[in-house]
Amino acid sequence: MPGKVPADTRVGHVHLKVSDLDRAIAFYGDVLGFTLTQRYGAEAAFLAAGDYHHHIGLNTWHSKGSGPAPDRAPGLYHSAFVFPDRASLGAALKRVVEAGIPLDGAADHGVSEAVYLRDPDGNGVELYRDRDPADWPRDTEGRLKMVNSPLDVHALLAEAA
């Protein structure tokens, strides 16, 4: 029987190869709102929400000045950042819109509300908030039944904190 990870295991951070460190810091820091916690010269940086050491690592060790990875190649599909409530998700979305960054999509998954975009290097980014688990859609046998319905982006923007 394969082993199972403990239920309270979580993803600690995402570490991305980027082509321009300052541009990536501006996106993840100024636009998305993460705080720069440490920088290693012109090659690497770490950003976080709150007082955690880092949720996002950025480096140019193998990617400085390069173009985005091909869409049709294996790799990271997107990183996803969960916001604590609808107002803070709306505020993040407002910064994205004000920065002129286009959305790739937006969806109501029943369990969450999400917007999708790309960082300056073409990496997929999901910004979302979870609904209370008591409100998650379930089938008649109690199994989770996620959906992919349209999200009212304008209503989400109206709730920006």
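Up top is the structure.
Presented here is a report on the structure given in the accompanying data block. Just so you know, these numbers come straight off a predicted model, no measurement behind them. (Residues numbered from 1 in each chain as written. Predicted model: local features only at pLDDT ≥ 70, side-chain atom pairs only at ≥ 80, totals over all residues. Heavy atoms only, no water.)

Some thoughts on the sheet that holds strand β1 (residues 14–17)
Formally: Only when DSSP finds a minimum of two bridges between them are two strands counted as paired. Strands are runs of DSSP state E lasting at least 2 residues, helices are runs of H or I lasting at least 4, and numbering of each runs from the N terminus. Working convention: axes come from line fits to C-alpha atoms, limited for helices to the stretch in contact. Angles between N-to-C directions cover 0 to 180 degrees. Here a residue-residue contact requires only that any non-hydrogen atoms of the pair lie within 4.5 Å.
Spatially, β1-β4-β3-β2 is the arrangement adopted by the four strands of the open sheet, whose pairing is mixed. Looking along the sheet, the strands with just one partner apiece sit at the ends: β1 and β2 (35–40). Averaged over all neighbouring strand pairs, the angle between strand axes comes to 20 degrees, with direction disregarded. Across the sheet, helix α1 (residues 21–31) is in contact with β1, β2, β3 (44–48) and β4 (56–59); its angle to β3 comes to roughly 0 degrees.

Here we look at the packing of aromatic side chains
This is how it is decided: Aromatic rings from Phe, Tyr and Trp, taking only the six-membered ring of Trp, are treated as a pair when their centres fall within 6.5 Å; an angle between ring planes under 30 degrees marks them as stacked, one over 60 as edge-to-face, and anything in between as tilted. Categorising residues by exposure relies on relative accessible area from a 1.4 Å probe, with only protein chains included: less than 20% of the type maximum marks a residue as buried, more than 50% marks it as exposed, and the intermediate range marks it as partly exposed.
Applying the stated criterion across every chain yields a total of four aromatic pairs. Arranged with centres 4.8 Å apart and planes meeting at 90 degrees, the rings of Phe-27 and Tyr-28 form a pair that is edge-to-face. Each of the two residues, Phe-27 as well as Tyr-28, counts as buried. Ring pairing ties together the aromatic residues Phe-27, Tyr-28, Phe-34 and Phe-81, which thus form one cluster.

Details of the pattern of salt bridges
To keep it simple, the criterion reads: Each salt bridge in this description consists of a side-chain nitrogen of Lys or Arg and a carboxyl oxygen of Asp or Glu lying within 4 Å of one another.
If you walk through the whole model with that rule in mind, you get ten salt bridges. Its salt-bridge partner being Arg-86, residue Glu-113 comes within 2.8 Å of it at the nearest N-O pair. With a gap of 27 residues between them, Glu-113 in strand β7 (residues 112–118) and Arg-86 in helix α2 (residues 86–98) connect regions that are remote in the sequence. Residue Glu-141 is joined to Arg-143 by a salt bridge in which the shortest nitrogen-to-oxygen separation is 2.9 Å. For Arg-143, a relative accessible area of 48% gives the class partly exposed. In this structure, a network of salt bridges that share partners links the residues Arg-86, Asp-108, Glu-113, Arg-129, Arg-131 and Glu-159.

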